[in-house]
Amino acid sequence: MKLYRFLTEDDTSAFCHKVSEALSKGWTLEGTPTYAFDAARGVMRCGQAVTKEVPGTYSPDLKLGEQ
């Protein structure tokens, strides 16, 4: 099955670390990153979709970050 996650974080090195960790666990970048202003908090936010092929059957109980 193919899993999907959308990673988000403020525009700091924390975002790069979050994406790097996912890549080190076998996730693959999907599409281009996004960048938007969060007016409520007054900060820029980054986002990146990642996917991963894993064996098994999908369940909503699956903890995506642990895959």
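Residues numbered from 1 in each chain as written. Predicted model: local features only at pLDDT ≥ 70, side-chain atom pairs only at ≥ 80, totals over all residues. Heavy atoms only, no water.

As for the pairing of strand 2 (residues 28–38)
Summarising the sheet, strand 2 and strand 3 (residues 43–53) pair through eight bridges and their orientation is antiparallel. Residue pairing for strand 3: L29 is matched across the bridge by V50. A loop of four residues connects strand 2 with strand 3, the two strands running antiparallel in sequence, and G42 in this loop sits at a positive phi of about 70°. (Pairing = 2+ DSSP bridges. Helix = DSSP H or I, 4+ residues; strand = E, 2+ residues; numbered from the N terminus.)

What to know about the sheet that holds strand 2
Strand order in the open sheet formed by three strands is 1-3-2, with antiparallel pairing between adjacent strands. This sheet does not close on itself; its edge strands, each paired only once, are strand 1 (2–10) and strand 2. Looking at each pair of strands side by side, their axes are set apart by 15° on average, direction ignored. (Axes fitted to C-alpha atoms, helices over the stretch in contact; angles between N-to-C directions.)

Comments concerning the environment of L29
As for its placement among the helices and strands, L29 is situated in strand 2. L29 sits in the partly exposed class, given a relative accessible area of 44%. Separated by 24 residues in sequence, L29 and E53 place their C-alpha atoms 12 Å apart. (Buried < 20%, exposed > 50% of the residue type's maximum accessible area, 1.4 Å probe, protein only.)

Comments concerning the nonpolar core
L3, L7, F15, V19, A22, W27, C46, V50 and V54 together form the largest nonpolar core, which totals nine residues. Of all the secondary structure elements, the ones that give two or more residues to this core are strand 1, helix 1 (13–24) and strand 3. With three residues, the top contributor of residues to this core is helix 1. Beyond its immediate stretch of four places on either side in the chain, A22 contacts R5, L7 and W27. (Core = buried A, V, L, I, M, F, W, Y, C linked by side-chain atoms within 4.5 Å. Contact = heavy atoms within 4.5 Å.)

Let's talk about the side chain of D10
Within the secondary structure layout, D10 lies in strand 1. Among the residues examined, D10 registers a relative accessible area of 17% and is labelled buried. A distance of 2.8 Å separates the side chain of D10 from the side chain of R41, its partner in a polar contact. A polar atom in the side chain of D10 sits 2.7 Å from the side chain of R45. Among residues more than four places away in sequence, those in contact with D10 are F15, R41, V43, M44 and R45. (Polar contact = N/O pair within 3.5 Å; in protein donor to acceptor, adjacent residues only side chain to side chain.)

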